[in-house]
Amino acid sequence: MRKRHLLSVQEETALLREVETVYEELANRPIERFCLARTNCCRFKLTGEIPYVTRGEALLAARAWRASGRKALEQTSDGRCPFLNPSDQRCRIYSARPFACRTHFCAAAGGPYRRSEVLDLIRHLEDIDRRLHNQCGPRPLVTAVTEALRKITAKENGAR
Ligand code: SF4
């Protein structure tokens, strides 16, 4: 069996930069939505919906979480996203929030984007994941970010 090429830190960083360009491209699309910051979509028990993320998105979110000095995700018992700050009700990784958080708007904000409006960007995220050697497809946010945090810690420990 052919041995898989292990990505260097630089290669992984370049791929995560590509994830950011997908987010930037999305922000530049002329699709009108008006998020009222009600944060209902950040309360998974309330909506019954959990964002699914690619590995690239999860690694980017995990890096942002680590950059704020935190190592692991907090357990939440009220069904809120662990990134939602319980004190001020804001996302603590806002600039690195996943694609689903940027496209699945609630009815009050104008409703979710149609898949056809962003399909090319979804395909781009999938392509980045192939290059990150992810065969599993998108996974639930907390599961994917927890694994990404573990991966980052393991890399750091290996580098010592
Ligand atoms: S990552 Fe941020 S925007 Fe997305 S559900 Fe969690 S708190 Fe909300």
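Up top is the structure.
Values in this document were obtained by computation on a predicted structure and should not be read as measured data.

Conventions we followed
Residues numbered from 1 in each chain as written. Predicted model: local features only at pLDDT ≥ 70, side-chain atom pairs only at ≥ 80, totals over all residues. Helix = DSSP H or I, 4+ residues; strand = E, 2+ residues; numbered from the N terminus. Rg over C-alpha atoms; globule rule 2.2 N^0.38 Å. Buried ≥ 20, exposed ≤ 12 C-beta atoms within 10 Å, placed from the backbone. Near = placed C-beta within 6 Å. Nonpolar A, V, L, I, M, F, W, Y, C, P; charged D, E, K, R; others polar. Core = buried A, V, L, I, M, F, W, Y, C linked by C-beta atoms within 7 Å. Expected span 1.5 Å × (residues − 1). Contact = placed C-beta atoms within 7 Å.

(A) Seen up close, the overall build of the chain. Scanning the chain from N- to C-terminus turns up six helices and two strands. Helices (α) and strands (β) of the chain occur, in sequence order from the N terminus, as α-α-β-α-α-α-β-α. Relative to a compact globule of 160 residues, whose C-alpha radius of gyration would be 15 Å, the chain shows 16 Å and is just as compact. If you line up the chain on its principal axes, its C-alpha atoms span 50 × 35 × 25 Å. Residues counted as buried form 22% of the 160 residues belonging to the chain.

(B) View of the site of the ligand. Residues in close proximity to the ligand include Cys-42, Pro-51, Cys-81, Phe-83, Leu-84, Cys-91, Ile-93, Arg-97 and Cys-101, which together make up its full environment. Here the residues of the shell around the ligand sort into eight nonpolar, no polar and one charged.

(C) How the structure looks around the nonpolar core. Grouped together as the largest cluster of nonpolar side chains are 23 residues, with contacts concentrated most on Ala-58, Ala-61, Ala-62, Ala-144, Val-145 and Ala-148. Mapped onto this core, the elements with two or more residues apiece are helix H1 (9-27), helix H3 (55-67), helix H5 (115-131) and helix H6 (141-159). The biggest single contributor to this core is H3, with six residues.

(D) Quick peek at H5. Here H5 is 17 residues long and its end C-alpha atoms lie 23 Å apart, about the 24 Å a rise of 1.5 Å per residue gives. Within H5, burial applies to Val-118, Leu-125, Ile-128 and Asp-129. Lining the buried residues of H5 we find H1, H3 and helix H4 (99-103). Looking at the residues trailing H5, positive phi occurs at His-133, about 65 degrees.

(E) Spatial organisation of unusual backbone geometry. Look at Thr-39: it is not a glycine, yet its phi comes out positive at around 65 degrees. Take Thr-39: it is sitting in the loop between H1 and helix H2 (44-47). Positive phi is not limited to glycine here, since His-133 has a value of about 65 degrees. Counting through the fold element by element, His-133 comes out in the loop between H5 and strand E2 (139-140).

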